[in-house]
Amino acid sequence: MWIEEHSTELAELARQKIAEFNALHWDASLRQPLGLKKLNAEGELVAVLAGRTFGNWFYLESFWLAESERGQGLGSALLQRAEQLAVQRGCRFVVVDTLDFQARPFYEQQGYQVQWTQQQYPFTGAKYFMTKTL
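First, a word on scope: everything that follows refers to the structure included in this document. Treat the numbers as computed from the prediction; the structure is a model and nothing was measured.

Here we look at the overall build of the chain
At step 1: Across its full length, the chain carries 3 helices and 6 strands.
At step 2: Helices and strands in the chain line up, N terminus first, as α-β-β-β-α-β-α-β-β.
At step 3: The principal-axis extents of the C-alpha atoms in the chain amount to approximately 55 × 40 × 35 Å.
At step 4: Expressed as a percentage of the 134 residues in the chain, the buried residues total 25%.

Have a look at this one:
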């Protein structure tokens, strides 16, 4: 009998069960968060980057830059610093995904290459999975 349960608790339980299985094959405690932020002179958040490192890989999960700060080199500098930190942790590669209306051109300027495109995401757009060798 299948039981439908569309909840965040069930999704978290599924992640936990996968993590338990994966722990039999590698030490997930080696997975470390990596984050950077930038505040302006008034103390307001103008940029934030978050991800995690694990083994050879840096997974860049979230990267936001205030509209007022774009085009001034802050995004490039923040990304370069994150990549440096990842290299210091032993990472050799970075992976990020971005949507068609987000930052693909920015990442390409930073040396990232599209590895796979998820078409029709979520309905008519596209999601790009990009990597870079550090």
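Read on, since the account is not over.
A closer look at the packing of aromatic side chains
The description of two aromatic rings rests on the distance between their centres and on the angle between their planes.
At step 1: Under the definition given, this model contains 6 aromatic pairs.
At step 2: Note on Trp26 and Phe54: the rings are 5.4 Å apart at their centroids and 70 degrees apart in plane angle, and the pair reads as edge-to-face. With Trp26 in the loop between α1 (8–22) and β1 (32–39) and Phe54 in strand β2 (residues 45–54), this residue pair connects regions lying 28 residues apart in the sequence.
At step 3: Taking the relative accessible area as the measure of exposure, Trp26 reaches 42% and is therefore partly exposed.
At step 4: Residue Phe54 is classed as partly exposed on the basis of its relative accessible area of 21%.
At step 5: Here the aromatic residues Phe63, Phe106, Tyr107 and Tyr112 are joined through ring pairs into a cluster of three or more.

Section: the layout of surface pockets
At step 1: Of the pockets and cavities examined, the largest pocket occupies roughly 420 Å³.
At step 2: The wall of the largest pocket is formed by 21 residues, among which Phe63, Leu65, Ala103, Phe106 and Tyr107 lie closest to the centre.
At step 3: Taken together, the elements giving at least two residues each to the lining of the largest pocket come down to β3 (57–65), α2 (74–88), β4 (93–99) and α3 (104–109).
At step 4: With 6 residues, the single largest contributor to the lining of the largest pocket is β3.
At step 5: Looking at the lining of the largest pocket, its residues break down into 9 nonpolar, 8 polar and 4 charged.

Overview of the side chain of Lys127
At step 1: Summarising the element assignment, Lys127 is placed in strand β6 (residues 126–133).
At step 2: Not counting the four nearest positions on each side in its chain, Lys127 is found in contact with Asp97, Thr98, Leu99, Trp116, Thr117, Gln118 and Tyr121.

Details of the pattern of salt bridges
At step 1: For the structure shown, the criterion picks out 7 salt bridges.
At step 2: Between Glu20 and Lys17 there is a salt bridge whose closest N-O contact spans 3.6 Å. Of this pair, Glu20 and Lys17 are both found in helix α1, 3 residues apart, which corresponds to roughly one turn of the helix.
At step 3: One salt bridge connects Glu83 with Lys132, and the closest N-O pair in it is separated by 3.1 Å. Here Glu83 is found in helix α2, whereas its partner Lys132 is found in strand β6, with 49 residues between them in sequence.
At step 4: With a relative accessible area of 17%, Lys132 lands in the buried category.

Some remarks on the side chain of Thr53
At step 1: Tracing the chain through its elements places Thr53 in strand β2.
At step 2: Among the polar contacts listed, one links the side chain of Thr53 to the side chain of Arg89, at a separation of 3.0 Å.
At step 3: Once residues lying within four places of it in the same chain are set aside, the contact partners of Thr53 are Leu30, Arg31, Gln32, Leu34, Phe58, Ala86, Arg89 and Cys91.

Observations regarding the environment of Ala66
At step 1: With respect to the helices, strands and loops of the structure, Ala66 is situated in the loop between β3 and α2.
At step 2: Separated by 27 residues in sequence, Ala66 and Phe93 have C-alpha atoms that sit 26 Å apart.

The rules behind the values
- The residue count restarts for each chain, going from 1 along the sequence in the order it is written.
- Residue-level local features of this predicted model are given only where pLDDT is at least 70; pairs of side-chain atoms are given and counted only at 80 or more, and the full residue set underlies all totals for whole chains, interfaces and linings.
- Calculation of side-chain values draws on the structure's entire complement of heavy atoms; hydrogens and water are dropped beforehand.
- Runs of H or I in DSSP of at least four residues are treated as helices and runs of E of at least two as strands, each being numbered from the N terminus.
- Exposed residues in this analysis have more than 50% of their type's maximum accessible area, buried residues have under 20%, and partly exposed residues fall in between, with area computed by a 1.4 Å probe over protein chains only.
- Only Phe, Tyr and Trp rings take part, Trp by its six-membered ring, and two of them pair if their centres are within 6.5 Å. Stacked means planes under 30 degrees apart, edge-to-face means over 60, and tilted covers everything else.
- The pocket and cavity definitions rest on a 1 Å grid over protein atoms only: a 1.4 Å probe that fits but cannot leave marks a cavity, an open set with protein on both sides within 12 Å along at least five of seven lines marks a pocket, and residues lining either have an atom within 4 Å of a point.
- Grid points are joined across faces, edges and corners, and a volume is the space filled by probe spheres set on the points.
- For this classification, Asp, Glu, Lys and Arg are treated as charged, while Ala, Val, Leu, Ile, Met, Phe, Trp, Tyr, Cys and Pro are nonpolar and the rest, including Gly, are polar.
- By the convention used here, residues are in contact when the closest approach between their heavy atoms is within 4.5 Å.
- What counts as a salt bridge is simple: a side-chain nitrogen of Lys or Arg found within 4 Å of a carboxyl oxygen of Asp or Glu.
- Any pair of nitrogen or oxygen atoms within 3.5 Å is treated as a polar contact; in protein, a donor-acceptor pairing is required on top of that, and neighbouring residues in sequence qualify only through side-chain atoms on both sides.

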